Each structure stands twice: as structure tokens, then as C-alpha cells.
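Commentary on secondary and tertiary structure
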Amino acid sequence: MFSDKEEFKQAFSQKLEAKLGKTVETATEVDAYRALGSLLRERIGKKWLETNQRYEQEKEKQVYYFSMEFLIGRLMGNNLLNMQLVDVVAEGLKDLGFDLGELEEEESDAGLGNGGLGRLAACFLDSLASLGLAGHGYGIRYKYGMFDQQIIDGNQIEFPDLWLSREFVWEVRRPEEAVEVRFGGHVSSSEDEDGNLHFDHYDYEQVQAVPYDVPVVGYNSDTVNTLRLWSVEANLDDTIKKAARLNEFGNFLGHKRSLEAISEFLYPDDSHEEGKRLRLKQEYFLVSAGVQSAVRAFEQLDLPWSAFPEKVALHINDTHPAMVIPELMRVLMDEKQLGWKEAWKITQASVSYTNHTTLSEALEAWPVDMVRQLLPRIFMITEEINERFCQSLWKKYPGEFDRIAELAIIADGQVKMAHLSIVGSHSINGVARLHTEILKLREMKIFYDTFPERFNNKTNGITHRRWLMHANKPLAGLITDTIGEDWINEPAQLTDLLAYRDDAGVLDGLNHIKQKNKEKLASWVYQTKGISLDPQSIFDVHIKRLHGYKRQLLNALHIMHIYNKVKMDPSLDMAPRTFFFGAKAAQGYHYAKKIIKLINTIADVVNNDPVVSDKLKVVFLENYSVSLAERIIPAANVSEQISTASKEASGTGNMKLMMNGALTLGTMDGANVEIHELVGDDNIYTFGLSSEEVLEYYRSGGYSSKQVYETDEVVRLTVDQLIHYSPFSKGDTEFQEIYDSLVHHNDEFFVLKDFAAYAASQQQINFDYQEKQSWGKKSLINIAHAGKFSSDRTIQEYAADIWRIAPVNTFK
Ligand code: 26V
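Everything quoted here is computed from the prediction, not taken from an experiment. (Residues numbered from 1 in each chain as written. Predicted model: local features only at pLDDT ≥ 70, side-chain atom pairs only at ≥ 80, totals over all residues. Heavy atoms only, no water.)

Along its length, the chain carries 34 helices and 25 strands. Computed over its C-alpha atoms, the radius of gyration of the chain comes to 27 Å, within 12% of the 28 Å expected for a compact globule of 812 residues. For the chain, the spread of C-alpha atoms along the three principal axes comes to 95 × 75 × 60 Å. Counting every atom, the chain has about 31300 Å² of accessible surface; 48% of that belongs to carbon and sulfur. Where the 88 positive side-chain charges of the chain centre and where its 119 negative ones centre are 1 Å apart. (Helix = DSSP H or I, 4+ residues; strand = E, 2+ residues; numbered from the N terminus. Rg over C-alpha atoms; globule rule 2.2 N^0.38 Å. Areas by Shrake-Rupley, 256 points an atom, 1.4 Å probe, with all protein chains shown as cover. Lys, Arg positive; Asp, Glu negative; His and termini not counted. Charge placed at Lys NZ, Arg CZ, Asp CG, Glu CD.)

Structure follows, in C-alpha cells:
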């Protein structure tokens, strides 16, 4: 092991030789990346082992965070940061002729998630380890993660994400920890002499779930937790037997392949539930592997089953892993011989659930026939949970058929996963204050009325280590120079910056760093896309999944409007702007793809028109991902958070941008409400309908987009350009669908309704930005209040209120 630069250089050269048979002179950058990764993995190994031993000895309560997605991105930079080795390694590599930044670029993003929900899980792991808490992730090791997006002729084209084609240096395969997961077959029951029922599952298909463990290194802490990613492997014996039974030897390989499909790819849609059988298989695969593995670890402690909830917390990230509930019941009853009542008490006391969306089209409901056929025993148990739940309701609300029908877990031929999650857990939380209120008072009102004590709020957070210290080292440095380094362990102390809100030196420093970051991004854009940008212009950033409710269309229409204004008056007084977009659309989401095409069309028109070129640029950055976010966010001045109020559960990009000194332009939605509350009216640009107004319109009608279109001339002229002859439509019908959605289908997301207010806020930004000093002050105030949005705060709340765990033995 190494503790200084010279020792590092030696260890690194030895690693190159031993692992790759290369010398420093012959090694490529990929070689150097792999050698460095493997060196660090070994160094992590010791603390990893010690952490696990400590947890076992102290019989520490373990949290297992079940999530279908962990959008962890690259690990090299973050691990170096958390191990506090950045400088030693960077300098050592430099001496040997390598650049650390370039080596980091050799790592593929682990894109094992769609967006907010998956990235949140990754931030939580970082906080758990950094706070010295015993919390681990259980996920799937998808062979193909989030698709690679390329923009060809303005359209999104998807390519498979081959992230494993290069060795993933951080993982360790652990075949000895594998478990069996069963699908299909039949269940029979029999009674023993004492009248106890026993269930026998037969004729099932069995696969192996093999874990690949990834260490999660805490910052300046001796804790290394585990992200356990499960991969499917066909059980050869079983597959051969099955082929023999069916007399289908010829199809042995086909059968094997179909089993292996389970951990093949991530479903790249986070907004439309499709009821796909393979997705259900994936969910049960994760759940069954995870539950069995958690139960196995508990059994090592040699405690009575009643102690299970004191030693194990099972958290489900949205309803995707909701089958944890019937699966734990199955294991406790069928394998460990517990009775229903005891098993149920243990299950409910161990499981907790986070809801991440109120969009009805994203709520999971599986067809009864599919669940029964694919998971017969799980279906039986779920039916029994439903039966008992409905009976208890009947006692509490005798005769209230409607209420009971509405609450039932199984109804209308479907298994409702949110209902199962609420009934089977002791805690249900939303992800921002407004979102939790909407759950309690509207979407889940009937459940809230039944179990008010189970509902609570946990406003999301982001790890300030990746999103500030790693992504924006100069800014982190300035903060430490200004207020000392305590904020690193206690991000709430960022408020100490407020004392410098009028300090010209600090504000200059802040502006200077932002400027440098913008220049860096501009030069990268120039190198990769050939578009030349003005780093003095306002960098206005809209980065997130493409979705109707996130209203990239509102931003796009507004850019068309500005373009028109400059064309009419080329000497218009405005601060030059660069609009950045990054967004992936789900493969089958036709409307979202049209909006991508529209943004790229606008970019094409604007960027090639010399009349506007010193005032306006539009850049669509393809393949938005964690590592791309790390490039963009430090350079942002304006953070677009313009969802239709009530629709964005929280948002976390808003927090990342705020922490990097961007000012939010947003609706009063999700966590924007809490950002507004902290920074005050002067340091945020809010506009548009409130969530109450939106919900009222949805409930009672009364909105007519046609009327806005007819009365607001700016809106009409702009929207007409989508279909009439214009630089954007070129006489084509390409954008007819968008036009129709706005004008003829009553504009589901209130784009036209909010247009004027949005344009007015943008105009205000245009004025305010020109006052450099006061803009810097606003930016500083945002950074100062961003500590509240560190995921350390969020995780401390989960730990105290939901999981009931406390740290053991950290350096802090
Ligand atoms: C739903 C579905 C349904 C169909 C199959 C695949 C799939 C995958 C994921 C989802 C859930 C998406 C929910 C989600 O990502 N919500 C976001 O969660 C963030 C973290 O809490 C929050 O900041 C965002 O506002 C919220 O949209």
C-alpha cells in the first residue's frame, strides 16, 4: 500500500506490470485506468472486510435499500475523493506522464438507472457510507444500462449501452453468496397431523442469482458498505432436466438464453407502466435474491426471529420491489416454519416504502393472471394478505363496500403494487414536502385516512461530495478558503457563507470560478460539436428526462419567441444567452421524441443565423448522463425547473444546480417550494400556476388553451410557427402533433397558460444578470442554503425516523 506520492508511483508501476504485463512507457491510458482501478480496489478491500466484521461483531442493524435502479455513474473520481487520495494520485500520475482527468474519462458510466429515482439511490449510498451507517444497496447488474442516445438528423436514435465491454474494475463476483430464484410451476398444500398447512412448490424453473459486490467508500470514514448487484445465471442441471422433460433438447440453448434475459437490460422508461412479463421477472428476481440474502445474514446472528426487525430494515425504492413483502412472508412461513401472524408482524415492522411519483400512468398494477402464472406462491400469499386486509377493513368500516373496494390490493383483475406496499410496510414517505402533502390529501388520501401514522415526508437530497467537491473543485476550494472546511462534514454550515454576501472579494472569486467553468464547457462543446459559444452569455440549463410534464416545450417555444424578437429588432437590448438541453426520451414516447426533434430544429435555425449569432445559441447535448451532468452543472447560471405544478415529486437536478450557484427559474413544484422558502423571493424566479390551481383545473375543468391561443398574440404567432411556413417548420407537418396537443387537445400540461408568466420571468433574468455583483450575491445565497439539500441530511432523517439506526465507530 502507499501513503505518499513516491510509494504510489511504485505501487502503480508494479500493478501495471503484474496485472497487464506493461511498463509505464508501454501502457495506454486504458491500461493505466485499469491498473489504477485495481490498485484502489485492493486498497479498499481491507476496510471493506473490517466494516463487515464490525457489523457482524456488533450485531449492527443492517438496512437493505432495494432498488431496480442505481445510477452511479463513474466511480474513480468519487472513490479517490472519498479516500482523500486525489492529490497524491494526480501528482504521482503526472510524474509518470498520465493525467488523472483523462484516465477518469476511460471509465464507462454505470448507467443502471433512468433518472431521478436511480440517481437518488446512488446519492443515498454515498451518504450512508460517509455517515458510517450500515446501509447497502440491492440492485440488478444489467448487462446493458440506459441506452446510448445519438442525435441523427435532429432525431433521437438509441444504441445499446455496452458498459461492461470494458472490465468494471470495482466489482467482485461472489459465487459463494449465490441464491436460487424460482419461477412458474404449481403449488399444492397439505395438512400435517397438527392441522398445520404446508405448501409444496413443484415443476418450477430455477435460476441462480449471483451477486457482484461493489464497494461503497465513505468519505473520510472507515466504513465501506456494499452495493450488491445481482446477475442471473442459468442453472445448467435444471435447464437440461427441463429440456429432457419437455423432450426439447434442441431448444436447450434457446431456453438458457431466455432465462439469462432477466438481467440483460434496464427498462428505459420511467413514466409508462406497460405490464411487461420480463419486467415482472426482473422485479421478483431482485426481490427474492435480496430477501434470501438478507435473511441468510440475519441467521448468522443466531437470534430469535422476533428480533428480525431490530436487526434488518428492508426499504423499497418505489413499488418496483414491493414483492419483498410476500417474498419475506414466503421465506418465513414456508422455509422457516413461522405462522402467518408472526411472519406478518415481522414483515410489516421491517419494510418501509418511498413513493416517487403521483403520475397515474407510472403506477404499477400487474394483471392477476400474469402474477399467478409466473409466481404462484407469491400470488397466493398476496391474495391472503388482501383477504385479511379487507376483513380488517370490514371490521373497522362495516358496510362500506366502496371504501374497501378502493383500498383493496387486488381488484379489477390487477395486483396494485402501491396498495401492497402501503399495507405491508410501517412507513410510507414522499420525497418533498409538497409531494407528501399531495399524497396525503389527494392521491393516497383514503390510505392516509386509514393509517395516518405511517405517512411522513423525507425531502430528497444529493451528495455534496460528488456534486460539489468532485464536480466543481474550484468552488469547493473557494468555500473552504472563505468559511473553513467544517461544511464538508456538516453541509448545513454552508450558511456561514451568508456573512460574505456583500464581500466584493468573495463575490469576484465566485464570478471568476463560474466564468472559468463556462469557458471549460464552451471549449468542450466546441471540440465535440463544433459549435462556438460565448462564455459571457447566460448559460441557461434544462437537463432531465424528456417528459410532457417537465415542459421542455415551454422553454423551446420561448426560445422561438426570443428568436423572433431579435429578428424583428437585431439591436434588441438583451444579455446574450446560451440555452443548453440534455434529455433522453423513452423509446416508445413518440411525443417526447418530437420535442427533441423540435429543440434540435430550433438549434439548427438559431445557430446558423448570423443575425442572432451574437445573442442566441441553442445546444442539445446528446446522451445526457451522470458524467455529462458533472460537466454542465458547474457552468450553469440558470436552472430550468419548470414542470407543471404538482407533477414533479421533488426534482434533484434543481438541488445540484443550486449548490453550484445557478439561480432557479421554476414553478412552485416539488422541492422548488423548499428552495424558494430558503432563499427568498429575491434569489429565485418563480412563475406560473400553483399546484392547487392545476389540480383544481384537472378536477373541475375550466381551462381553455384555445382561448389563450386566441387572445395572446405572442403565443399564437409562436405556436403557429410550428405548422405554418416558418424557419422552424419549413412548411412541413413534422410538428403538427405538438401544435394539436397545445391548441386542439387543450394543452394537458398548461404550457400556453404559463407562457406569459414564464417569458416575464425570463425577461427579469435578462435584466438582473447584467448586474454582475448582485447576480453574484444571489448565486452565493443559493450556495449558502444548499446544505439543506445534502443527502446526508436526508439520510439522517431516514435513519432516525424510519430505519432507527445510528452510526458505529467512524472517524467523525
Ligand atoms: C416508473 C417506471 C414505470 C414503468 C417501468 C419502469 C419504471 C421505472 C421507474 C419508474 C419511476 C420513476 C419515478 C421517478 O423517477 N421519480 C422521480 O424521483 C425523483 C427522486 O425522488 C424525484 O426527484 C423526481 O421528481 C421524480 O420524478
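What follows is about helix 6 (residues 116-130). With 15 residues, helix 6 should cover 21 Å at 1.5 Å per step; its first-to-last C-alpha distance of 21 Å lies within 8% of that length. Taking burial as the measure, the 15 residues of helix 6 include 14 buried ones, the bulk of the element. (Expected span 1.5 Å × (residues − 1). Buried < 20%, exposed > 50% of the residue type's maximum accessible area, 1.4 Å probe, protein only.)

Attention now moves to the sheet that holds strand 22 (residues 616-620). Strand order in the open sheet made by the six strands is 22-21-20-23-24-25, with parallel pairing throughout. Looking at strand neighbours, the two that pair on one side only are strand 22 and strand 25 (685-686), the edges of this open sheet. As defined by bridge partners, strand 20 (residues 538-543) adjoins strand 23 (residues 638-641) across two bridges and the pair is classed as parallel. By the bridge assignment for strand 23, Asp540 is matched with Val638. Contacts from helix 22 (residues 504-529) reach strand 20, strand 21 (577-582) and strand 22, with the element oriented near 65 degrees to strand 20. (Pairing = 2+ DSSP bridges. Contact = heavy atoms within 4.5 Å. Axes fitted to C-alpha atoms, helices over the stretch in contact; angles between N-to-C directions.)

What follows deals with the UniProt feature "modified residue: N6-(pyridoxal phosphate)lysine" (unreviewed entry) in the chain. UniProt records the feature "modified residue: N6-(pyridoxal phosphate)lysine" (unreviewed entry) for Lys656 in the present numbering. Here Lys656 is to be found in helix 26 (residues 653-659). Residue contacts for Lys656: discarding those within four places in its chain leaves Arg119, Ile462, Trp467 and Ile633. (UniProt positions renumbered as here; feature names shortened; annotations may be inferred.)

The next subject is the pairing of strand 1 (residues 62-66). The element strand 1 is largely enclosed, with a buried count of five among its five residues. Side chains Gln62, Tyr64 and Phe66 project from strand 1 onto one buried face, and the interleaved Val63 and Tyr65 project onto a second face that is buried too. Sheet topology places strand 1 next to strand 13 (residues 312-317); five bridges connect them, and they run parallel. What sits directly across from Phe66, in strand 13, is Ile316. Pairing of strand 1 with strand 4 (residues 135-140), which is carried by four bridges, proceeds in the parallel orientation. Its bridge partner lying in strand 4, Tyr64 is registered against His136.

Of all residues adjacent to the ligand, which total 19 residues, the nearest are Asp269, His356, Asn460, Glu648 and Gly651. Leu117 places a main-chain nitrogen or oxygen 3.4 Å from an oxygen atom of the ligand. Here the ligand loses 94% of its free accessible area of 590 Å² to cover by the protein chains. If you tally residues by element for the shell around the ligand, the top one is helix 6, at three residues. Here the residues of the shell around the ligand sort into five nonpolar, eight polar and six charged. (Near = heavy atom within 4 Å. Polar contact = N/O pair within 3.5 Å; in protein donor to acceptor, adjacent residues only side chain to side chain. Nonpolar A, V, L, I, M, F, W, Y, C, P; charged D, E, K, R; others polar.)

Quick look at the side chain of Asn79 now. When you line up the elements, Asn79 lands in helix 3 (residues 76-82). With near-sequence residues (within four places) excluded, Asn79 lies in contact with Ile44, Trp170 and Val217.

When glycine is set aside, most residues are seen to have a negative phi, and most peptide bonds are trans. At Asp153, a residue that is not glycine, the phi angle is positive and equals roughly 50 degrees. Structurally, Asp153 can be placed in the loop between strand 5 (148-152) and strand 6 (155-159). Although it is not a glycine, Phe750 sits at a positive phi angle of roughly 60 degrees. Along the chain, Phe750 falls in the loop between helix 31 (736-743) and helix 32 (751-769).

Attention now moves to a nonpolar patch on the surface. Together, Ile152, Ile157 and Phe159 give the surface a local cluster of nonpolar side chains, amounting to about 220 Å² of exposed area. Structurally, Ile157 can be placed in strand 6. We classify Ile157 as partly exposed; its relative accessible area is 32%. (Patch = residues over 30% accessible without salt bridge, like charges linked within 9 Å, V, L, I, M, F, W, Y side chains within 5 Å. Salt bridge = Lys/Arg side-chain N within 4 Å of Asp/Glu carboxyl O.)

Right, let's get into the nonpolar core. Counting 143 residues, the largest nonpolar core has Phe12, Leu36, Trp170, Phe285 and Trp803 as its most contacted members. With ten residues, helix 9 (residues 277-299) is the largest single contributor of residues to this core. Aside from chain neighbours lying at most four places away, what touches Leu36 is Phe8, Phe12, Met76, Val89, Leu93, Leu100 and Leu103. Counting residues in each nonpolar core, the second largest holds 68 residues, with Ala592, Ile602, Ala603 and Ile765 among its members. (Core = buried A, V, L, I, M, F, W, Y, C linked by side-chain atoms within 4.5 Å.)

In a regular helix each residue adds 1.5 Å, so 14 residues correspond to 20 Å; helix 33 (residues 772-785) covers 20 Å between its end C-alpha atoms and thus fits that length. Every buried residue belonging to helix 33 is among Trp775, Gly776, Lys778, Ser779, Leu780, Ile781, Asn782, Ile783, Ala784 and His785, and all of these are buried.

Here strand 18 (residues 427-430) shows a buried face lined by Ser427 and Asn429 and a second buried face lined by Ile428 and Gly430. When strand 14 (residues 351-354) meets strand 18, the two strands line up parallel, connected through three bridges. Within strand 18, the residue paired with Tyr353 across the bridge is Ile428. Inspection of the sheet shows strand 18 paired to strand 19 (residues 455-457) by three bridges, in the parallel sense. Opposite Ile428, over in strand 19, you have Phe455 as the bridge partner.

With respect to the helices, strands and loops of the structure, Val295 is situated in helix 9. You can call Val295 buried: its relative accessible area is 2%. Each C-alpha atom, one on Val295 and one on Trp305, is 9.9 Å from the other, the two residues being ten residues apart in sequence. Sequence-distant contacts of Val295, that is, excluding residues within four places in its chain, are made with Trp305, Phe308, Leu328, Val331 and Lys336.

Bringing the environment of Pro376 into the picture now. Topologically, Pro376 is positioned in helix 14 (residues 376-396). In this structure Pro376 comes out as buried when scored by relative accessible area, which is 10%. For the pair Pro376 and His201, spaced 175 residues apart in sequence, the C-alpha to C-alpha distance is 8.5 Å.

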